[in-house]
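Single-letter residue listing:
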Amino acid sequence: MAAKGAKILILGGGFGGLFTALDLAGTGEITLVNDEDHFLFKPMLYEYLSGEVEAWHIAPDYKELLDESVRIVRGTVQSIDLDGHSVTVAGQKQPLMYDVLVLALGAVTNYWNVEGAEQNALQFRTIADANRLRRRMTEAVDRVQPDAAPQDTRSALTFAVVGGGASGVELSTKMADLLRDAVKRRALRGEPRMIIIEMTDRLVPGMGEEIRKHVDRALENCRVEIHTRTRVARVTDRGLTIEHNGVETEIETAGVVWVAGVRVNPLIEKLPVTKDARGLIAVEPTLQLAGHANTFALGDTAFYADVVPTLAGTAQLALQQSHLCARNIHAFLNGDKLKTKHFVELGEAVSLGTEHAAVLSAGKVIGGPLARQARFAMYTARLPTWHHRLRVGASWFFEGTAPQPLQPLGF
Ligand SMILES: Cc1cc2nc3c(=O)[nH]c(=O)nc-3n(C[C@H](O)[C@H](O)[C@H](O)COP(=O)(O)OP(=O)(O)OC[C@H]3O[C@@H](n4cnc5c(N)ncnc54)[C@H](O)[C@@H]3O)c2cc1C
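This section reports on the structure supplied with the text. Here the residue numbering is sequential within each chain, running from 1 through the sequence in written order. In view of the model being predicted, local features appear only for residues whose pLDDT reaches at least 70, and side-chain atom pairs are presented and counted only at 80 or more, with totals across whole chains, interfaces and linings using the full set of residues. As a rule here, side-chain values come from all non-hydrogen atoms in the structure, and water together with hydrogens is ignored.

### Regarding the overall build of the protein chain
Okay, so step 1: From N to C terminus, the protein chain includes 13 helices and 24 strands.
Okay, so step 2: Taking 22 Å as the expected radius of gyration for a compact globule of 411 residues, we find that the protein chain reaches 22 Å, a close match to that expectation.
Okay, so step 3: Projecting the C-alpha coordinates of the protein chain onto the three principal axes gives extents of approximately 75 × 50 × 45 Å.
Okay, so step 4: The classification of residues rests on relative accessible area computed with a 1.4 Å probe and restricted to protein chains. Under 20% of the type maximum is buried, over 50% is exposed, and intermediate values are partly exposed. Relative to its 411 residues, the protein chain shows a buried fraction of 54%.
Okay, so step 5: Pairs of residues are marked as contacts when any of their non-hydrogen atoms sit within 4.5 Å. In the protein chain, the proportion of contacts linking residues at least 24 apart, taken out of those at least 6 apart, comes to 65%.
Okay, so step 6: Of the roughly 19,100 Å² that the protein chain leaves accessible, carbon and sulfur atoms contribute 51%. Helix and strand definitions follow DSSP, with helices as H or I runs of at least four residues and strands as E runs of at least two, each counted in order from the N terminus. Radius of gyration here uses only the C-alpha atoms, and the compact-globule reference equals 2.2 Å multiplied by the residue count raised to the power 0.38. Computed with the Shrake-Rupley method and a 1.4 Å probe, the accessible areas treat only the protein chains shown as cover for residues.

### Observations concerning the sheet that holds strand S22 (residues 348-352)
Okay, so step 1: Here, strands pair whenever DSSP counts at least two bridges between them. Taken together, the three strands give an open sheet; going across it, the order is S22-S23-S24, and neighbouring strands pair in antiparallel fashion. The sheet is open, and its two borders are formed by S22 and strand S24 (364-368), each paired with just one other strand. Each strand axis lies, on average, 5° off the axis of its neighbour in the sheet, ignoring direction.
Okay, so step 2: Examined bridge by bridge, S22 and strand S23 (residues 356-361) share five bridges and lie antiparallel to one another. Bridging from a neighbouring strand, Val350 pairs with Ala358 of S23. A fitted line through C-alpha atoms serves as each axis, taken over the contacting stretch for helices, and the angle formed by two N-to-C directions is quoted from 0 to 180°.

### Notes on the sheet that holds strand S15 (residues 247-252)
Okay, so step 1: The three strands lie next to each other as S13-S14-S15, forming an open sheet whose pairing is antiparallel. Because the sheet does not close on itself, it has two edges, and the strands there are strand S13 (230-236) and S15. Across the sheet, the mean angle from the axis of one strand to that of its neighbour is 25°, orientation sign disregarded.
Okay, so step 2: Sheet topology note: the S13/strand S14 (residues 239-244) ladder contains six bridges and is antiparallel. When the bridges of S14 are listed, Arg234 appears paired with Thr241.

### Notes on the pairing of strand S12 (residues 224-227)
Okay, so step 1: Here strand S11 (residues 193-197) runs beside S12; their pairing, made up of four bridges, is parallel. In the sheet register, Ile197 faces S12, and the bridge partner there is His227.
Okay, so step 2: Each parallel crossover has a hand, and the one from S11 via helix H9 (residues 209-221) to S12 is right-handed. Whether a crossover is right-handed depends on one test, that the path from the first strand over the helix to the second runs clockwise when the strands point away from the viewer.

### Things to note about the environment of Leu346
Okay, so step 1: Inspection of the secondary structure puts Leu346 in the loop between helix H11 (315-334) and S22.
Okay, so step 2: Using a relative accessible area of 37% as the deciding quantity, one classes Leu346 as partly exposed.
Okay, so step 3: Note: C-alpha distance between Leu346 and Gln316 (30 residues apart in sequence) is 7.1 Å.

### Some remarks on the site of the ligand
Okay, so step 1: In the vicinity of the ligand lie 28 residues, with Gly16, Asn34, Asp35, Lys42 and Asp300 positioned nearest.
Okay, so step 2: In this structure, Phe15 approaches the ligand through a main-chain N or O atom, which is 3.2 Å from an oxygen atom.
Okay, so step 3: Here a polar contact is recorded for every N or O atom pair within 3.5 Å, except that within protein the pair must consist of a potential hydrogen donor and a potential acceptor, and residues adjacent in sequence are included only if both atoms are side-chain atoms. In this structure, Asp300 approaches the ligand through a main-chain N or O atom, which is 2.8 Å from an oxygen atom.
Okay, so step 4: In isolation the ligand offers 1,000 Å² of accessible surface; the protein chains occlude 87% of this area.
Okay, so step 5: Mapped onto the shell around the ligand, the elements with two or more residues apiece are helix H1 (15-24) and H11.
Okay, so step 6: Here the element with the most residues in the shell around the ligand is H11; it accounts for three residues.
Okay, so step 7: Side-chain classes are defined by residue name, with Ala, Val, Leu, Ile, Met, Phe, Trp, Tyr, Cys and Pro counting as nonpolar, Asp, Glu, Lys and Arg as charged, and the others, Gly among them, as polar. Taken together, the residues of the shell around the ligand sort by class into 11 nonpolar, 13 polar and four charged. A molecule or strand has a residue near it when one of that residue's heavy atoms lies within 4 Å.

### A word on the nonpolar core
Okay, so step 1: Buried Ala, Val, Leu, Ile, Met, Phe, Trp, Tyr and Cys residues form a nonpolar core when they are joined through side-chain atoms within 4.5 Å. By size, the foremost hydrophobic cluster in this structure holds 121 residues, and its most contacted members are Leu11, Ile80, Leu103, Phe124, Leu171 and Met175.
Okay, so step 2: Examining the composition of this core, we find that nine residues originate from one element, H11, more than from any other.
Okay, so step 3: Excluding anything up to four places from it in sequence, Leu171 contacts Tyr46, Leu49, Phe124, Leu133, Val161, Val257 and Val259.
Okay, so step 4: Of all hydrophobic cores here, the second largest spans 16 residues; its members include Tyr111, Val235, Trp258 and Ala260.

### Focus on the packing of aromatic side chains
Okay, so step 1: Side-chain rings of Phe, Tyr and Trp, where Trp is taken by its six-membered ring, are said to pair if the distance between their centres is within 6.5 Å; with planes under 30 degrees apart they count as stacked, over 60 as edge-to-face, and otherwise as tilted. All told, the structure shown has 11 aromatic pairs when counted by the stated rule.
Okay, so step 2: Seen in terms of ring centroids, Phe19 and Phe39 are 6.0 Å apart; in terms of plane orientation they differ by 80°. Their pairing is edge-to-face. Placement of the pair is Phe19 in helix H1 and Phe39 in the loop between strand S2 (29-34) and helix H2 (45-49), with a sequence separation of 20 residues.
Okay, so step 3: For Phe19, a relative accessible area of 6% gives the class buried.
Okay, so step 4: Among the aromatic side chains, those forming a connected cluster through ring pairs are Phe15, Phe19, Phe39, Phe41 and Tyr379.
Okay, so step 5: Cation placement over rings: the criterion is NZ of Lys or CZ of Arg within 6 Å of the ring centroid and within 35° of the ring normal. Taking NZ or CZ as reference, Arg389 lies 4.7 Å from the ring centre of Trp386, over its face.

Everything listed here is a matter of coordinates, which is why it stays silent on function.
Below, the structure written as structure tokens:
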């Protein structure tokens, strides 16, 4: 197939899709479809929640990142026809036809069918989600009367995070710091109550022991209340019910945030292709779909065998795969041999409250405020495009990255 006029359709503009488009620029006619008009660097959504970074830093518009050779279609993909080589998108009168398709639609929040969870819990995946959560926290603080007794402050400012993976730890420590800061600034009596709920017997199970020490210390310093071996039975608009050792307890909260895992994108669920047990597309070592040589899948939509297990479902993996994907699309269009790759861990970095972090890089772990700086530096380097990196790097360096307090909302 001639590379020059080939129609390359990329579904999803996250780590997998956007970076594939960036690498491919100049190859064929590229169309990128995404339901939002911006990319999102999800690992820094916690810093956006706390105001340490601004939306333009971590969620730049595609128009800023991609040159005019890439057509950007904003819309929700509705159906994918692999045999007919066409995709329907809400708001587009005609289906989009393609010669090469890239499936990079990511994952969706998994509520595990827990009663009331989808309706009542907040999710944490987008800029809008973070805005909603920040507003919920601010409203809760605003409701506390200046003369409230400590126990009333505590119950008004009870928040629960469901899921004790890295997301749960990063989110609960960030929220705890923000709430405590607001209580202090407004000279309220008492403390917020931040709860984290995890089904298994420990938080962040896949994390190395060295980095875990920093995590444990941060959770303690942020006074996050940890409930392991605990199941969420239901979520209501007033809080949640947890179950531990057969005993159910109701907890009233100002908000429940659900970060207890992801599941495959519903569009991928519908595709009649080879999948693994979790429903991810079992891609070939070249990222192609079995029986559909012109279709590639990566990131959270795909199961790729040659990878260290801890990398599954991470931005690190999607980013690394995007380079292989672009290279192989190029080879496919030019009739060259496609490559395979073993993907490795690039390091680990967790944000721990608004002042600290822990970073594992080149076998060494550092923690505290220095690790927070290192995390910012590490992530600056992973932002898309040199131009964006330079603008953001300069902004963080010269203007700083101090958190923004939860200011009263006013009327
Ligand atoms: C809060 C948070 C923090 C994270 N922190 C880390 C971290 O520190 N380190 C790490 O390695 N990983 C982290 N991850 C995981 C990481 O972000 C994902 O693994 C990664 O984004 C996967 O890349 P992807 O391209 O497959 O999907 P995504 O980056 O999610 O991109 C998918 C894109 O498709 C779009 N889309 C979805 N459905 C449709 C549709 N029907 N129509 C049109 N567009 C659609 C979405 O809007 C999105 O832009 C985090 C995830 C979250 C939510």
